[in-house]
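Geometric and topological summary
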Amino acid sequence: MRIPLPLLLVACDGLVACNDKGGDSGTLVANITLTDDQNYNYSGDMTVPIVQTASGVSVEICWSDVDQDIQCHAKDPVVDLDNIGLARFGTLTEEEVETGLETNELLQRDNTGYVEYNTDHSSTCAQLEDFSFFGTPIDLATEYTEEGGTYLLMLTEGTEPGVDVKMITFLDPRDDSDNTRVDIEHGCGVLDFTADLESLETVGLSTDGPWVIDWSGLTRDGFGSDLRPDDVTSLNVGFYEGKTPAELATQFLDLEIIPTNLYSLSLTGGNSADLAAAVDADGNAFSGLSGDGTWLLALRCGRCYNPAPVFLSVLVVE
Amino acid sequence: MSAALLLLLACTDGGKGDVSLDGLTADQSEAIATVFTASWTSDVDTPSWLEATLADGRVVTTPADAGGTDHQAVLVGLPASTDFELRAVAAGGESEPLALTSGNLPQTMPQLSGGGEGNDQYAFIPAIGSSTAALILSPQGEIVWYHTESRELDVYRVRPSVDGTGVWYSAASVSGDPAADSELVHVSWDGSQIDTVPIPLLAHDFVEHPDGTLATIVVEYRDHGGEELRGDKLVEVAPDGTQTTIWSAWDCFDPDTAPGDEPVLGWTFANALDLSPDGTEYHLGIRNFSSILRIDRATGACLEVIGGFAADAPGDADVIRVDDDEFEHQHQFELVGDRLLVFDNEGLGGQQSRAVEYHLDRDAGTAEPVWEYAPDGLYSFVLGDVKRMDDGDTLITWSVAGEIDRVTADGTAEWTVNTSLGSAFGFATWTPSPYTLP
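About the cut-offs
- Residues numbered from 1 in each chain as written.
- Chains lettered and ligands numbered in written order.
- Predicted model: local features only at pLDDT ≥ 70, side-chain atom pairs only at ≥ 80, totals over all residues.
- Heavy atoms only, no water.
- Helix = DSSP H or I, 4+ residues; strand = E, 2+ residues; numbered from the N terminus.
- Rg over C-alpha atoms; globule rule 2.2 N^0.38 Å.
- Buried < 20%, exposed > 50% of the residue type's maximum accessible area, 1.4 Å probe, protein only.
- Contact = heavy atoms within 4.5 Å.
- Areas by Shrake-Rupley, 256 points an atom, 1.4 Å probe, with all protein chains shown as cover.
- Lys, Arg positive; Asp, Glu negative; His and termini not counted.
- Charge placed at Lys NZ, Arg CZ, Asp CG, Glu CD.
- Domains from an automatic or database assignment.
- Buried area = accessible area lost by both parts, 1.4 Å probe.
- Salt bridge = Lys/Arg side-chain N within 4 Å of Asp/Glu carboxyl O.
- Pairing = 2+ DSSP bridges.
- Axes fitted to C-alpha atoms, helices over the stretch in contact; angles between N-to-C directions.
- Disulfide = S-S within 2.5 Å.
- pLDDT = per-residue confidence, 0-100.
- Polar contact = N/O pair within 3.5 Å; in protein donor to acceptor, adjacent residues only side chain to side chain.

**Observations concerning the overall build of chain B**
- Looking only at helices and strands, chain B features two helices and 36 strands.
- In terms of C-alpha radius of gyration, chain B reaches 23 Å, essentially the compact-globule figure of 22 Å for 438 residues.
- Along the longest, intermediate and shortest principal axes, the C-alpha atoms of chain B span 75 × 45 × 40 Å.
- The buried share of chain B, reckoned over its 438 residues, is 60%.
- Taking the intrachain contacts of chain B between residues at least 6 apart in sequence as the baseline, contacts between residues at least 24 apart amount to 50%.
- When the accessible area of chain B is evaluated, it comes to approximately 15700 Å², of which 48% is carbon and sulfur surface.
- Charge-centre separation for chain B: the mean point of 19 positive side chains lies 3 Å from the mean point of 73 negative side chains.

See below:
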C-alpha cells in the first residue's frame, strides 16, 4: 500500500507564487541579515467546520457550495477541485488538529489513516464508501466510527494527498446520528487572521544592491511558533502601489493577487538568497525599490500547513 | 559549476607527523550536497583516510584505503549545512586541515525532528509519502545522504552495497498491482553513477550476499482454478546479471488448503526477506499467512514455518506454533537461533502495532512471547522494522507512523526520530558507519 499522507495545505499559494526557476544560494555572502524583530505578527484562529454524521455507514459528501477557498478566493467547485481526501487522527481531538495545523507541528505519527476520492469534474457529490487508497477501500464499519478518532476532510486542487488544500471540514461520526449527507461549506471564514505590518522593524535595501538576504537567524514565524530556517522554500518581493502597510494588513489573505509587481524565487535549499534572482511573471528580475507605495518581502514554507508566510516584512530604501 | 561548489574547492599543503600528507583538495558532490570527494598524496606508501571534524566535536571518517602515495576517498556521513575541518590522515601523520561547509538538503527531503544523543547507528532507510528517496540518517537522526526517486515508484529498502561503492535500493510498487518497470538501483556514494537491475513485479524487500548476488521477492501470478492468483517467488540476480528463480510459494503451499486471510491483496503477499547469518537460508515473511518461513537456499525447500499459519503448514516443513499472543500481518523481523523478533502490525488489534520477541522451542514446536514494546497509539498498518542491538536495545521503525525509536530492554525509549505529517519510512538497515555492512 502506498503511503503518501501529506497535508500541505498550500504548496504554491499565499503571497508567494511558485516559479520554475530555482534558487540555490545557500553559500552566498549575505549583506542583509533578517531578524525576528523585522517579522510581522499575526494572530487568529483556524476554525474548521464540524459535521456530525452517522457512524460506520456510507455518507454522501457534496461540495457544490465550495465556491470560495480558505483564503476567500473564488473557486469553481466542479472545475477546480480534483480530490477529496479523508485523514484520520487516532488520538488527537479536533481542537488539537486545528492547533497543529495552525502551528505546523503535526507529526506523521498523529495520522492513522487516509482514503480519497478523485472527482470526475461533472458531479459534486460522492459516497464515502467509494473512497479508497491505491485500491484499498475504506472499511466503514471499522474505520469510520465514533471511537476511531478525528476525521479531517480535505478538498484539494491536484490529486496529491493533502497538497494545495482549498477547504477542510471535520467529519464527526456519531452512533446516535442518522445524518448520511454532508454539504461542505465554502472556505471563507476558516482562516481568521489579523496581521500587524506596522509594529515591525523594516528591512533596509540599498538603491543599487546587492540584496542578498540571510534568514538563518530567524527563530519564530509570524504566529510566534518556532521557525526552522531550512523550512523556507520560496520567497517573493511584492510592490503595492499607493498602499500603506496598514491597508495591506487588512488584505492579508489577498497579498498574492493584488500586487502591482510580484517577483518570486523558488529555493532549493539554504538560508540565504539574492533578491536579484527573483523574477516577475514576464521574467523580469527584481531591480530595486521604486514607486509610491509599499514593498513587502515574504518567506514561505511550502510544506507547512498554515498558508501564512513564515516571514513577512516591509522593505524600505536605506 | 555552482557558486557553492566554487567556494568549496580548496587545497592545502604541508601537515604534521613523520608521514607527509599534501595537496588535500575536496569537491562537494554535485548530486549529493553532503558528500565530498577528496584527493591527496603521501610521501610514503601508506594507508590513509579522511577525518572530518564537525563544530560539535563529532568526527566522520572514511575507511583506510589500500595504501599507495596517491589517495582519493569519498566522504559520507556529514549533516547538511555544517561547517567542518577536513584532514587526510595516516599512521604517523596528518595534513593541514581544510575548512569546508556541507551543502543544503533539497527542499524535497522529509522534515525530521528529535534524534540527538542515544543512538550509535546509521540508518539506511527509504523516505516515502510526500517525498520518495533513499536516505542515510546519522546516529543523531540527520539526513547525511540522499537520492530522490522521482518516478511513480516507491522505495521500500535501502542497503549499503557489499562492494563498498554505494547504496542499493528497491524501486517498486506494492500498492495495488506491482510495477512492470520496477528495479533494483545502485547509486554510487557521490551520486554520479547510477546502475539498475530491472526486475518486473518487484515486491517489498531484497538482500545481498557477500559475493554480490542479490535476492529479492517478486510477485508471481499463476492460474488457479481458471483464475489468476497472485503469489510470490524469490529471484536471485548473480553478479553477471543472470536471474534465477530459486523458490516459489506454489512449491510449498496449496491455495486450496492455505488460502491466506486477505484475498484483496492476493494469496501470499510475502513482504520481508532476510538471510540467515551463514547465508544458507532465506527467511521470508508472508503477510497473508501471518507466518515466517525458513527456506533452504540451495534446494528451495521449505524448512520451517513459524506463526499463525503453522498449524496448516504443508509438506515436510517443521512447524512452530504461536499459540499465545500471536503476531498478525507482520512485516520485518529478525530470526536468530531460537529467538524471533517481529514487527507485528496488527496482532494486538485496533490501531496498535508493536515489536514482539518470541523464544522458539523447536522440540516442542512452540513459540512463547518473552518481550514486547507497544506504546499507545503507534500504528503502522504496513511496513515496520525491528533490530536488536548487542547492548540489548531494540531499534524499532514504525514506518507509516514516521517514527523510529531506540528502546532499552526495560521498554524505555531513549532516542526517537519523527517525520512531520506527510512523510513516512520504509524498512531500516542499521550499520555502525556508512561504510560498514549490517
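**Comments concerning the domain arrangement of chain A**
All names here are of chain A.
- When the domains of chain A are assigned, the result is domain 1 (22–44 + 194–317) and domain 2 (48–183).
- Taken over C-alpha atoms, the centre of domain 1 sits 33 Å from the centre of domain 2.
- In this complex, domain 1 contributes nine residues to the contact, which on the side of domain 2 involves ten residues.
- For the pair domain 1 and domain 2, the summed buried area comes to about 950 Å², and 53% of that belongs to carbon and sulfur atoms.
- Counting every contact that joins domain 1 to domain 2 gives zero salt bridges.

**Describing helix α1 (residues 94–103) of chain A**
Residue and element names in this part refer to chain A.
- Within α1 the residues assigned to the buried category are Val97, Glu98, Gly100, Leu101, Glu102 and Thr103.
- Elements that come into contact with the buried residues of α1 comprise β3 (41–46), β6 (83–89), β11 (150–156) and β12 (165–174).
- Asn104 sits one or two positions beyond α1 and adopts a positive phi of about 60°.

**Some thoughts on the pairing of strand β34 (residues 413–419) of chain B**
All names here are of chain B.
- With three bridges joining them, strand β10 (residues 112–114) and β34 adopt antiparallel strand pairing. Opposite Gly114, over in β34, you have Val417 as the bridge partner.
- Between strand β33 (residues 403–407) and the antiparallel strand that follows it, β34, lie five residues; Gly411 among them carries a positive phi value of about 85°.

**A word on the sheet that holds strand β6 (residues 70–75) of chain B**
All names here are of chain B.
- In space, the three strands of this open sheet follow the order β2-β3-β6, with antiparallel pairing throughout. Bordering the open sheet on either side are β2 (21–28) and β6, each of which pairs with just one other strand. On average, each strand axis in the sheet is tilted by 15° relative to the strand beside it, whichever way the strands run.
- Bridging between β2 and strand β3 (residues 36–42) involves six bridges; their strand directions are antiparallel. Residue pairing across strands places Asp27 opposite Thr37, the latter belonging to β3.

**What to know about the state of the cysteines**
- On inspection of all chains with the given rule, the structure shows three disulfides over all chains.
- A disulfide bridge connects Cys62 of chain A with Cys125 of chain A, and the sulfur atoms are separated by 2.0 Å. Across the S-S bond linking Cys62 of chain A and Cys125 of chain A, the dihedral sits near 115°, which makes this disulfide right-handed. Residue Cys62 of chain A is located in strand β5 (residues 60–62), and its partner Cys125 of chain A is located in strand β8 (residues 125–127); the two are separated by 63 residues in the primary sequence.
- Each disulfide pairs two cysteine sulfurs, and for Cys252 of chain B the partner residue is Cys302 of chain B, the sulfurs being separated by 1.6 Å. Because the sign of the S-S torsion sets the handedness, a value of about 105° for the bond joining Cys252 of chain B and Cys302 of chain B places this disulfide among the right-handed ones. Of the two residues, Cys252 of chain B is situated in helix α2 (residues 249–252) and Cys302 of chain B in strand β25 (residues 302–307); the sequence distance between them amounts to 50 residues.

**Let's talk about the pairing of strand β4 (residues 48–54) of chain B**
All names here are of chain B.
- Side-chain alternation along β4 places Ser48, Leu50, Ala52 and Leu54 on a buried face and Trp49, Glu51 and Thr53 on a face that remains uncovered.
- Bridging between β4 and strand β7 (residues 83–90) involves seven bridges; their strand directions are antiparallel. The residue bridging Thr53 from the neighbouring strand is Glu85, located in β7.
- Where β4 hands over to strand β5 (residues 59–61), the hairpin turn is made up of four residues, of which Gly57 adopts a positive phi near 95°.

**Quick word on the environment of Thr35 of chain A**
- By secondary structure assignment, the location of Thr35 of chain A is in the loop between β2 (32–33) and β3.
- Sequence separation of Thr35 of chain A and Thr219 of chain A is 184 residues, and the distance between their C-alpha atoms is 8.4 Å.

**Description of the confidence of the model for chain A**
- Residues at a pLDDT of 70 or more form 88% of chain A, whose mean pLDDT is 86.
- Throughout residues 1–26 of chain A the model reports pLDDT below 50, and contacts reaching past four residues in sequence, or to other chains, amount to 128 contacts.

**A few points about the sheet that holds β2 of chain A**
- With mixed pairing, the three strands of this open sheet are ordered in space as β2-β16-β19 (chain A). Here the strands that pair on one side only, and so sit at the sheet edges, are β2 and β19 (272–274) of chain A.

**Here's the deal with the side chain of Asn345 of chain B**
Residue and element names in this part refer to chain B.
- Residue placement: Asn345 occurs in the loop between β28 (339–344) and β29 (354–361).
- Under the relative-accessibility criterion, Asn345 is labelled buried at 0%.
- There is a polar contact of 2.7 Å between the side chain of Asn345 and the backbone oxygen of Ser380.
- Among all residues touching Asn345, those that are not within four sequence positions of it are Glu328, His329, Gln330, His331, Gln352, Ser353, Tyr379, Ser380, Phe381, Val382 and Leu383.

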